[in-house]
Amino acid sequence: MISSIAELIADRIGMMPAGERRAAQTLIASYPMIGLKTVAEFSSAAGVSSPTILRFVARLGFQNYPEFQSSLQDELAAQLQSPAIRTLNPPLPGGTASPMLEATLDNMRETFRHLSDKQLADIASRLAERRGKTFLIGGRFTDPLARYMAAHLAIIQPDVIHLAGQESMWRDRLIDMGKRDVLVIFDIRRYQDSLIRFAEKAHQRGVQIVLFTDQWLSPIARFARHVIAGRTAVPSAWDSSAALFVVAETLIGAVTRQLEADGARRIREMEGLR
């Protein structure tokens, strides 16, 4: 399975010198468009030299800059695919369930292969902090994941809010959001403009954003403190959120362990109120 450039960066950024790391961060912040510009334009945006950009591209495994750009162009085309386009793909052999099951399991394995234990631990620690509120929201097909995660986190800690309803209702909640708060967003291709606008406003207010997205990265990545890039493509007209769901459950378990004493006390009190 071919890794996306975002996944390659996640795997190798720890080995990059400072200049290449700035190039990587610049690309992620404007993914993938800055990488489709010339070397000179990319280097100017990153504040590094052109040779640094070329070394960065080579570190990711590309022979040259045009090969790197060709890979980004393929990713951009995949980002823009609609369900109608994906229905034109020929069915895979093996019946209905087998290809879907294998693709879903591969998605889970690949998602966790590119997701470090440190990143999961950092996100879990931030979600377990009691200094602010936690807001969760998703898109047309991913909001059930946000609601599911919120329902669990709300049992073990206070001030967990699932943002539901129309966009105007989300914007009204911005007045209650600030630097002490976390916003968890689920957004996969084709990325939702209303979520992007909301994330930008929250970012401007200093809210720390945790983004669950796909391997091609929602534009919200440029506002996010943490980005979880899960695999979503399966042999179907529809993308699969299964890998992101498992990551969400992994974080729910990690936060629950960190809040073990307080969470248990809160659960006992809840049960007494039933």
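Scroll up a little and you will see the structure.
My aim in this report is to walk through the structure given alongside it, one point at a time. Since this is a predicted model, take the numbers as computed values, not measurements.

### Section: the packing of helix 2 (residues 18–29) against helix 3 (residues 39–46)
- With their axes 9 Å apart at the nearest point, helix 2 and helix 3 run at an angle of 100° to one another. In terms of axis orientation, helix 2 runs roughly perpendicular to helix 3. Mapping the contact onto sequence places Arg 22, Ala 23, Thr 26 and Leu 27 in helix 2 and Phe 42, Ala 45 and Ala 46 in helix 3.
- Residues that form the contact of helix 2 with helix 3 fall into these classes: 5 nonpolar, 1 polar and 1 charged.

### Quick word on the sheet that holds strand 3 (residues 182–186)
- Pairing is parallel in the open sheet, where 5 strands are placed in the order 2-1-3-4-5. Looking at which strands have only one partner, the edges of the open sheet turn out to be strand 2 (160–162) and strand 5 (226–230). Neighbouring strand axes in the sheet, compared pairwise and without regard to direction, differ in orientation by 15° on average.
- Two elements, strand 4 (residues 208–214) and strand 5, share 5 bridges in a ladder whose sense is parallel. The partner of Phe 212 across the bridge, within strand 5, is Ile 228.

Reading the values: the criteria
- Residues numbered from 1 in each chain as written.
- Predicted model: local features only at pLDDT ≥ 70, side-chain atom pairs only at ≥ 80, totals over all residues.
- Heavy atoms only, no water.
- Axes fitted to C-alpha atoms, helices over the stretch in contact; angles between N-to-C directions.
- Helix = DSSP H or I, 4+ residues; strand = E, 2+ residues; numbered from the N terminus.
- Parallel < 35°, antiparallel > 145°, perpendicular 65-115°, else oblique.
- Contact = heavy atoms within 4.5 Å.
- Nonpolar A, V, L, I, M, F, W, Y, C, P; charged D, E, K, R; others polar.
- Pairing = 2+ DSSP bridges.

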